[in-house]
Structure formats: C-alpha cells, structure tokens
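Summary of the model geometry
Chain by chain, the residues run as shown.
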Amino acid sequence: MNNKMKIIVITGAGGILCSTLAEALAKEGHQIALLDLNIEAAQDIADSINKKGGKAIALKVNVLDKESLILAKNKVNEKFGACQVLINGAGGNHPAATTDDLFYDTSSNQKEELKTFFNLDMSGIKFVFDLNFMGTLLPTQVFAEDMVDAKDGNIINISSMNSFQPLTKIPAYSGAKAAISNFTQWLAVYFSKVGIRVNALAPGFFLTEQNRRLLTKEDGSLTDRGETIIKRTPLGKFGNPDDLISTTRWLCEDGSEFITGIVVPIDGGFSAFSGV
Ligand code: NAD
C-alpha cells in the first residue's frame, strides 16, 4: 500500500485515543469517517478537522448493530469512496464487570457489599465482551468488503497490554482484549491472499480524562494505583494519546508491507517487565 491519501474509517472516533488518531491522520490529507455512538463527540472532531482544511464526516453508529454499520458504510462510499483503512477503536470496560477485590480471600464472603468474582453481573461481562470483541468483528465484516473488492487494505485493531497479562479486577476486559489480539492474527492469515493486512496496537496506561482521578490526586501527585503503575512501567510515565500516532501511520502506510498479524505494545515497557 503506498502513501497516497486514503479513506480511513475509525470507530470510537469521538473518544480520547481515536480522536487523536483522526486529527493526526486528517492533517496528512487522508479522508476520515468518524464513527461513534456518541455522535456529538464525533461531530465535534469532524468539525474541528474540516475547519482546519481537512476532510471528515461524522456518523452515528453502534458497532454492535450490523444494520447501522451497513448504513454508515453506504454513507462513507457515497461521500468519499471505498474504505481503505479501518481502525477498530470502539471499546472499553464497565464497572459491572469489575471486581472490588484484587485477590479473593474467604473473609470476602462475609462482606456482602463487596463485588467479588462470584457476584459479577453476567450482563456486565457480556456488555464488555460484546463491545470489545463483537464491536471489532462486526465493523470488520462490513468494511472489509470494500478492501476485498480492491484487493488492498489495512485493518488496525485496538487491543491492550492486558491482553498479554491480565490486570487485576477486570477479567472480562482483559479476556476480550486477548480475544482481539487472537482475532488479529486469525484475520491476518485469513485475508493474507487478498491484499489486506491486519495488525493491532496494544496501548498501555494512558492518562486520559476518564482515569485521571483514579491515577492522580487533585494536586497532580499519584494515587496508590497510579504509583503502582508507574513503578511497573520501565519508562516511568503514562502514555500520551499522541504516542499512538507514528505506529498507526507505520502500519497503514509505506514501510510495513511485509507486516501482518502483529500486536504492537505501546506501553512504556509495562508488558515486558516482570516487576523484579
Ligand atoms: P474512550 O471511552 O475515550 O473512547 C471510546 C469511544 O467508543 C467513545 O467515544 C464511545 O462513545 C465509543 N463507543 C462506545 N460504545 C460504542 C458502540 N457500541 N458503538 C460505537 N461507538 C461506541 O476510550 P479510549 O481511551 O479512547 O479507548 C479507545 C480504545 O483503546 C478502546 O478500545 C480501549 O479499550 C482501548 N484502550 C484504551 C487505553 C487507555 O488507557 N485509554 C488503554 C488500552 C486500550
């Protein structure tokens, strides 16, 4: 795939990480379709891109609803043409799929208010699995059709460093991201004869508005959890959304034509460190 301007579809594009990717890729001249359930957020980013002379559209999409994805694909085709790059960014965790305890101990049984593994809510677990895994698979089913027709294309999934080693408290999110890494390899092989490459990013801890209060105190110093993370991150800092840009460009532009089926950790060394 050469570096000519591309038509790039990004799901979860109203969010922190993917809006950063959308802005950066639009700056290079690519046409960006920003898909998100939160249309206001996606529209704000599209407006900002268009105001700066870029080309972007925002579309309301539920990545778990194939009909809404097909409608979005038709609009992308109409407005820009066939999708050449798909970034599957919609995803996330949910409190209902998160335990309160790091380690189970029998005294937890007495604490009814404590959410342990045993009383995790099935619907919360299903929500997280569906959003992350099915929310990657379904958009791929819809948008990869354009790439198969062109015998050319790039898919970038968003996994997580917890796909290599699960984080405490979030079994569904960790499992779903592991499934995304596995699916990335499966799909890379499956599409290898039709010119479509499939890779994934595995971001580590990024300090965003959503987790800022979990990781830092009002005065900017670290919480206990924040400190534990930094101690386990050899580069000694949180990621910044901009840290994902160069790898994304590399995977969907010139210079990576022989690369498919990889999951790139962008985590300051977190996944490489045993802690000892
Ligand atoms: P975010 O919450 O800021 O963005 C996610 C976006 O997805 C939101 O705009 C949301 O509206 C959208 N979305 C949610 N459900 C949807 C649905 N059903 N259909 C369409 N859109 C939907 O999250 P983020 O931090 O930017 O994360 C982006 C991706 O990166 C996610 O897959 C996340 O799991 C992954 N990730 C994030 C981090 C991090 O530290 N932020 C680390 C590792 C992996």
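Up top you'll find the structure we're talking about.
Let me begin by describing the structure that accompanies this report. Fair warning: this is a prediction, and the values are worked out from it, not measured in the lab.

Let's talk about the site of the ligand
The full set close to the ligand counts 25 residues, and Ile16, Leu17, Asp36, Tyr173 and Gln210 are the nearest of them. With respect to the ligand, the backbone of valine 63 contributes an N or O atom lying 3.0 Å from a nitrogen atom. Within the side chain of lysine 177, a nitrogen or oxygen atom sits 2.9 Å from an oxygen atom of the ligand. Those elements giving two or more residues to the shell around the ligand turn out to be α1 (16–27) and α5 (171–190). In the shell around the ligand, the residues fall into 11 nonpolar, 12 polar and 2 charged.

Considerations on the environment of cysteine 18
By secondary structure assignment, the location of cysteine 18 is in helix α1. Note on cysteine 18: relative accessible area 5%, which makes it buried. Sequence separation of cysteine 18 and alanine 150 is 132 residues, and the distance between their C-alpha atoms is 25 Å. Among residues more than four places away in sequence, those in contact with cysteine 18 are Ile10, Thr11, Gly12, Ala13 and Gly89.

As for the state of the cysteines
In a disulfide, the sulfur atoms of two cysteines are held together by a covalent bond. Throughout the structure, instances matching the rule amount to 0 disulfides. Sulfur of cysteine 83: no disulfide; nearest cysteine sulfur belongs to cysteine 252 and is 11 Å away. A residue is classified by how much of its surface remains accessible, and cysteine 83, at 1% relative accessible area, is buried. Relative accessible area serves as the criterion here: at 2%, cysteine 252 is assigned to the buried category.

Section: the nonpolar core
Generally speaking, soluble globular proteins have nonpolar side chains that are buried together. In terms of nonpolar packing, the biggest core is built from 30 residues, with Ile10, Ile32, Leu34 and Ile87 touching the most fellow members. A total of 6 residues in this core trace back to one element, the largest contributor, which is α1. Not counting residues within four places of it along the chain, the set of residues in contact with leucine 34 comprises Ile10, Ala13, Ala22, Ala42, Ile45, Ala46, Ile49, Ala56, Ile57, Ala58 and Leu59. Within the second largest apolar cluster, 29 residues are counted, among which are Ala33, Ala90, Leu131 and Leu137.

Considerations on the pattern of salt bridges
Going through the model one piece at a time under the given rule, you end up with 5 salt bridges. In this structure, glutamate 23 and lysine 52 form a salt bridge, with 3.1 Å as the shortest nitrogen-oxygen distance. Taken together, the residues span a long stretch of sequence, with glutamate 23 in helix α1 and lysine 52 in the loop between α2 (39–51) and β3 (55–60) at a distance of 29 residues. A relative accessible area of 24% means that glutamate 23 is categorised as partly exposed. The salt bridge partner of arginine 249 is glutamate 28, with a shortest N-O separation of 2.8 Å. With arginine 249 in helix α8 (residues 245–252) and glutamate 28 in the loop between α1 and β2 (31–36), this residue pair connects regions lying 221 residues apart in the sequence. Since its relative accessible area comes to 34%, arginine 249 is described here as partly exposed. We classify glutamate 28 as partly exposed; its relative accessible area is 26%. A network of salt bridges, in which partner residues are shared, links Glu28, Arg249 and Glu253.

Here's the deal with the pairing of β3
For β2 and β3, the ladder comprises 6 bridges, and the chain directions are parallel. Its bridge partner lying in β3, leucine 35 is registered against leucine 59. Following the chain from β2 across α2 to the adjacent parallel β3, one finds a crossover that is right-handed.

Quick word on α1
The first and last C-alpha atoms of α1 sit 17 Å apart over 12 residues, in line with the 16 Å expected at 1.5 Å per residue. Buried within α1 are the following residues: Cys18, Ser19, Thr20, Leu21, Ala22, Ala24, Leu25 and Ala26. Buried residues along α1 sit in contact with β1 (7–11), β2, α2, β4 (85–88) and α8. Just downstream of α1, glycine 29 is the residue with a positive phi angle, here 105 degrees.

Looking at the sheet that holds strand β6 (residues 196–203)
A sheet is described by the order of its strands in space; here 7 strands give the open sequence β3-β2-β1-β4-β5-β6-β7, paired in parallel fashion. Sheet topology places β3 and β7 (263–266) at the edges, where each strand pairs with a single neighbour. Each strand axis lies, on average, 20 degrees off the axis of its neighbour in the sheet, ignoring direction. Running over the sheet, helix α3 (residues 66–79) touches β1, β2 and β3 and is turned about 160 degrees from β3. Contacting β1, β2, β4, β5 (153–158) and β6, helix α4 (residues 122–150) crosses the sheet at an angle of about 180 degrees to β4.

Examining the side chain of arginine 197
Structurally, arginine 197 can be placed in strand β6. Engagement of the side chain of arginine 197 in a polar contact is seen with the backbone oxygen of leucine 251, the distance being 3.1 Å. Only 2.6 Å separates the side chain of arginine 197 from the backbone oxygen of serine 256, close enough to count as a polar contact. Setting aside residues no more than four positions away along its own chain, arginine 197 makes contact with Gly153, Asn154, Ile155, Leu251, Glu253, Ser256, Glu257, Ile259 and Thr260.

Definitions and cut-offs
Residues numbered from 1 in each chain as written. Predicted model: local features only at pLDDT ≥ 70, side-chain atom pairs only at ≥ 80, totals over all residues. Heavy atoms only, no water. Near = heavy atom within 4 Å. Polar contact = N/O pair within 3.5 Å; in protein donor to acceptor, adjacent residues only side chain to side chain. Helix = DSSP H or I, 4+ residues; strand = E, 2+ residues; numbered from the N terminus. Nonpolar A, V, L, I, M, F, W, Y, C, P; charged D, E, K, R; others polar. Buried < 20%, exposed > 50% of the residue type's maximum accessible area, 1.4 Å probe, protein only. Contact = heavy atoms within 4.5 Å. Disulfide = S-S within 2.5 Å. Core = buried A, V, L, I, M, F, W, Y, C linked by side-chain atoms within 4.5 Å. Salt bridge = Lys/Arg side-chain N within 4 Å of Asp/Glu carboxyl O. Pairing = 2+ DSSP bridges. Right-handed = clockwise from strand over helix to strand, strands pointing away. Expected span 1.5 Å × (residues − 1). Axes fitted to C-alpha atoms, helices over the stretch in contact; angles between N-to-C directions.

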